[in-house]
Amino acid sequence: MKKEEIFKALFEAVVEMDEEKGKDAAQLLVKENYNPLEGIENGLSKGMKVIGDKFNQFEMFLPDLMMAAKVFDSAMTILKPHIAAGSELAPKGKVVIGTVKGDIHQIGKDLVALLLETGGFEVHNLGQDVSTFTFIEEAGRVRADIIALSSLLTTTMVAQKELIDTLKEIGERERYIVMIGGAPTSQKWADEIGADIYGENAEKGVSLALEFMSKK
Amino acid sequence: MVHFLEIMDRALEGRFTSANDFDLSIFVPKLREVVKKYGIKYDPENPLSCDDDLADRVFKAGIELFAEVGVYCVDTKRIIKFTEEEILEGLAEAPRYPVFGEGNDAKVLVARKPESEVEPWCFLGSGGAAVSNERLFESILENYALFLPLANSITAPTIKEIEGRVVRTRSPLEILASIRSSILAREALRNGGRAGLPIMNSIASAGSDTAKIAGSQFGLRPTDGWLIGTMAEMKVNFERLNEITYVMNLGGHVVAETAPILGGYCGGPEGVAVANVAYHLISILLMKGSCQLTFPIHLHYGCTSTRDVLWANSVSGQAISRNSHFPFFILNYVAAGPMTEMCFYETAATVINAVISGGSIEFGGVAKAVEVDHFTPMEPRWASEVAHGVLGMSRSQGNEIVKKLLARYEDDIPKAPKGKTYEQCWDMKAKQPIREYRQFYQKIKAELAELGVRFKY
């Protein structure tokens, strides 16, 4: 099969959210010895862009994004081992993300995590109700570039400030880019506490994360 | 009705699965299946729906969804399920006439029907938005009592700082803020001349069960309302079940809070409408509520005044009010803030939609309830006057008004003005709105009267 046809199959698999189709196309790409990076760029990523655009236009919703990402990940699992050494598809950065202590909201945070992942970041999603200590410990363990904190309550957003203050206190503030988001937060709040990025919405947060990483 | 201990058994023994599996392999596929099966389709031309058959199909879809999916207990990672028979039994046995408040402010909360002449219950205040300190908290509550003659219950704000310290959840500061909220709220309502008025959102400052239960000892009564929430979508945890256990044994009222998210796992407005019905049933069977308080909300815009959310509220509101005697409220969050035309148009649209569709109202959150100190008694007063101004109005007439209002604000939702603060709009000494705001109010009122709202005064 021609490589363009396989790229098309990869693209369609993501857009149609068909995991089996994605796996089959990825395996065929490998079998035919075509460049997996081209398959990712011309097939999988293009498909995710279509899904992302539809999501932003409210034609598709979070479950669609997640299912498309699952197709993307399944195909990537097959392609990754065949990416030639030296042309390794390096992650754009490493992110530790979670909802702060005392807060159990997750949907917005999971959306950001998903967009970061499909945007090329290695994401460590710590879940909800995450203490400052856990954020910092995990960021150190995985050697994160970005710590991303979500808060949906006015009574929990202070934890975003606490993390930044703690990083300063232990001399590690410069080590991380700190991104904040969530309904009660704002650019004013981000400036007040010294956060690097305010994610007004998921897409903006991710695009700023990419921008910051490109300057790092 | 399934006993609460039986629910606990199911939380401990139900099918074990991850939250991710529950969301993507159980909830989402079933919801999409019933939306398709019952032919539920969003109609953007009619945000205030006039379709009885659609409403009844949405109700059936909601029953089927709940019976198949159940509720996920986050702490045990198990699914609490109910049979269709139990659901129908619960519907039949659900509370009909809960009484809230004391003395002259005691009142029976009744369910309504679409286009009903029955006055909606007006649960008024800040929608849980935050004030920066205790002084403003007390002031605004006293002014709610003085300035909201149509209020049947109050929604008190969250206190952001206590004794100059920022309140944080699960700390002694949260306990202190919750205790202080109860004491101050009760006293403020008394000072405003409405000592018996129920506080229906219990303690907005309390994020944890400990704080809510502790704080309630300092002024809440069994005839107030304990706002206790589910988690999106169709989930519950032990903290909320702890609160329910406490309130049940107190003989108090659980105000079961639910909030399906448009754009999240529910997908679009069709999924939100069906999920809202499932949540109504959860409010009865699992939450042991005296009523449901629901606010379907837009994932991207953080408000309930968008066309698609209005439609979902309207359709599910009619589904519920046509098929259930269990009272429910629609809580609205508007994007714009105080003393802006947009805020008042959004408020009118959401309230007209809710009342004519058979709901009572909670109002509510202005500036999305995320801007500290950005709310006054004027906005809930407006909501209550509009609510009373559309009693008995037909859905078709209401729909025309809502569409005209949407035309005035919907394109501005992404960049809504946050408006002014309480202290900028309110004469703190005279305990009334500033002249400019009073004039503004009368101007907007005249506009809405022109559109067909029949104000009482």
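Keep in mind it's a predicted model, so treat the numbers as computed, not measured.

Participant: Before we go on, may I ask you to explain the overall build of chain A in this structure?
Facilitator: Of regular secondary structure, chain A possesses 9 helices and 5 strands. Listing every helix and strand of chain A by position from the N terminus yields α-α-α-α-β-α-β-α-β-α-β-α-β-α. For chain A, whose C-alpha radius of gyration is 18 Å, the value lies close to the compact-globule estimate of 17 Å for 216 residues. Within chain A, buried positions represent 48% of all 216 residues.

Participant: Can you walk me through the interface of chain B and chain A in this structure?
Facilitator: How big an interface is tends to be stated in terms of accessible area lost as the parts join. Facing 27 residues of chain B, the contacting portion of chain A comprises 19 residues. When the residues that make up the side of chain B that touches chain A are grouped by side-chain class, the tally is 12 nonpolar, 10 polar and 5 charged.

Participant: So what exactly am I meant to see when it comes to unusual backbone geometry here?
Facilitator: Most peptide bonds adopt trans geometry, and most residues besides glycine take a negative phi value. Residue and element names in this part refer to chain B. Cis geometry marks the peptide bond from alanine 232 to glutamate 233; its omega dihedral reads -20°. A cis geometry characterises the amide bond from phenylalanine 363 onward to glycine 364, with omega recorded as -15°. On the secondary structure map, glycine 364 appears in strand S18 (residues 360-365). Located in the positive-phi region is glutamate 115, a residue other than glycine, with phi close to 65°. Of note, glutamate 115 is situated in the loop between strand S4 (107-108) and strand S5 (122-125). One non-glycine residue with positive phi stands out, namely arginine 170, at about 65°. With respect to the helices and strands, the residue arginine 170 is situated in the loop between strand S10 (165-166) and helix H6 (172-191).

Participant: Help me understand the sheet that holds strand S2 (residues 122-125) of chain A in this model?
Facilitator: Remark on secondary structure: sheet strands pair via backbone hydrogen bonds, oriented parallel or antiparallel. Residues and elements named next belong to chain A. Pairing is parallel in the open sheet, where 5 strands are placed in the order S2-S1-S3-S4-S5. Edge positions in the sheet fall to S2 and strand S5 (197-199), since each of these pairs with one other strand and no more. For this sheet, the mean angle separating the axes of adjacent strands, direction not counted, is 20°. As judged from the 3 bridges shared by strand S4 (residues 177-181) and S5, these two strands associate in the parallel manner. Looking at the pairing, methionine 179 lines up with isoleucine 197 of S5. Against the sheet, helix H5 (residues 107-118) engages strand S1 (94-99), S2, strand S3 (146-150), S4 and S5, with an angle of about 170° to S1.

Participant: Help me understand the domain arrangement of chain A, please; the structure alone is not making it clear to me.
Facilitator: Residue and element names in this part refer to chain A. Annotation of chain A at the domain level lists domain 1 (3-82) and domain 2 (94-215). For domain 1 and domain 2, the distance between their C-alpha centroids amounts to 28 Å. Residue-level contacts link 7 residues of domain 1 with 6 residues of domain 2. Counting residues per element, the ones that place at least two in the side of domain 1 that touches domain 2 are helix H3 (36-56) and helix H4 (62-79). Among the elements that make up the side of domain 1 that touches domain 2, the one with the highest residue count is H4 (5 residues). Class assignment for the residues of the side of domain 1 that touches domain 2 results in 6 nonpolar, 1 polar and no charged.

Participant: Whenever I open this one, the pairing of strand S15 (residues 291-294) of chain B confuses me. Can you help?
Facilitator: Walk down a regular strand and you will see the side chains alternate between the two sheet faces. All names here are of chain B. Neither face of S15 is open: one carries Cys291 and Leu293, the other Gln292 and Thr294, and all of them are buried. As paired elements, strand S13 (residues 253-258) and S15 share 4 bridges and run parallel to each other. Within S15, the position partnered with valine 255 by the bridge is cysteine 291. When S15 meets strand S17 (residues 328-333), the two strands line up parallel, connected through 3 bridges. Bridged to threonine 294 within S17 is isoleucine 330.

Participant: Would you take a moment to explain the environment of isoleucine 330 of chain B for this structure?
Facilitator: Residues and elements named next belong to chain B. Mapped onto the fold, isoleucine 330 is located in strand S17. By the C-beta count within 10 Å, which is 30 here, isoleucine 330 ends up buried. With 117 residues separating them along the chain, isoleucine 330 and glutamate 447 place their C-alpha atoms 24 Å apart. Apart from residues lying up to four places away in sequence, isoleucine 330 is in contact with Thr294, Asn313, Gly317, Ala354, Gly359 and Ile361.

Participant: Before we go on, may I ask you to explain helix H9 (residues 202-215) of chain A in this structure?
Facilitator: One turn of the α-helix equals 3.6 residues, which is why residues spaced by three or four share an orientation. All names here are of chain A. In this model, H9 (14 residues) spans 20 Å end to end at C-alpha, consistent with the 20 Å of a helix rising 1.5 Å per residue. The complete set of buried residues in H9 reads Ala202, Gly205, Val206 and Ala209. Buried residues along H9 cover an arc of 95° about the axis, so they all sit on one side. Within H9, the exposed residues directed more than 90 degrees away from the buried face are Glu211, Ser214 and Lys215. Contacts made by the buried residues of H9 are with H5, S3, S4 and S5.

Participant: I'm lost on the packing of helix H11 (residues 341-356) of chain B against helix H13 (residues 395-409) of chain B in this one. Help?
Facilitator: To describe two helices that pack against each other, one gives the angle between their axes and the distance between the axes. Residue and element names in this part refer to chain B. At their nearest, the axes of H11 and H13 sit 9 Å apart, and the two run at 155° to each other. Of the possible angle classes, the one that applies to H11 and H13 is roughly antiparallel. Crossing of H11 against H13: the hand is left-handed. In this structure, H11 contributes Met342, Tyr345, Glu346, Ala348, Ala349, Ile352, Asn353 and Ile356 to the contact, and H13 contributes Arg395, Gly398, Ile401, Val402, Leu405, Leu406, Arg408 and Tyr409. Taken together, the residues of the contact of H11 with H13 sort by class into 11 nonpolar, 2 polar and 3 charged.

Participant: Looking at this model, I keep getting lost on the sheet that holds strand S11 (residues 225-229) of chain B. Mind explaining?
Facilitator: All names here are of chain B. In space, the 7 strands of this open sheet follow the order S7-S5-S18-S17-S15-S13-S11, with parallel pairing throughout. Among the strands making up the open sheet, the edge pair consists of strand S7 (153-155) and S11. Averaged over all pairs of adjacent strands, the angle between their axes in this sheet comes to 25°, without regard to strand direction. Note: S11 against S13, 5 bridges, orientation parallel. Looking across to S13, one finds that glycine 225 is bridged to histidine 253.

About the cut-offs
- Residues numbered from 1 in each chain as written.
- Chains lettered and ligands numbered in written order.
- Predicted model: local features only at pLDDT ≥ 70, side-chain atom pairs only at ≥ 80, totals over all residues.
- Helix = DSSP H or I, 4+ residues; strand = E, 2+ residues; numbered from the N terminus.
- Rg over C-alpha atoms; globule rule 2.2 N^0.38 Å.
- Buried ≥ 20, exposed ≤ 12 C-beta atoms within 10 Å, placed from the backbone.
- Contact = placed C-beta atoms within 7 Å.
- Nonpolar A, V, L, I, M, F, W, Y, C, P; charged D, E, K, R; others polar.
- Pairing = 2+ DSSP bridges.
- Axes fitted to C-alpha atoms, helices over the stretch in contact; angles between N-to-C directions.
- Domains from an automatic or database assignment.
- Expected span 1.5 Å × (residues − 1).
- Arc of directions from axis to C-beta.
- Parallel < 35°, antiparallel > 145°, perpendicular 65-115°, else oblique.
- Left-handed = near helix turned anticlockwise from the far one by under 90°.

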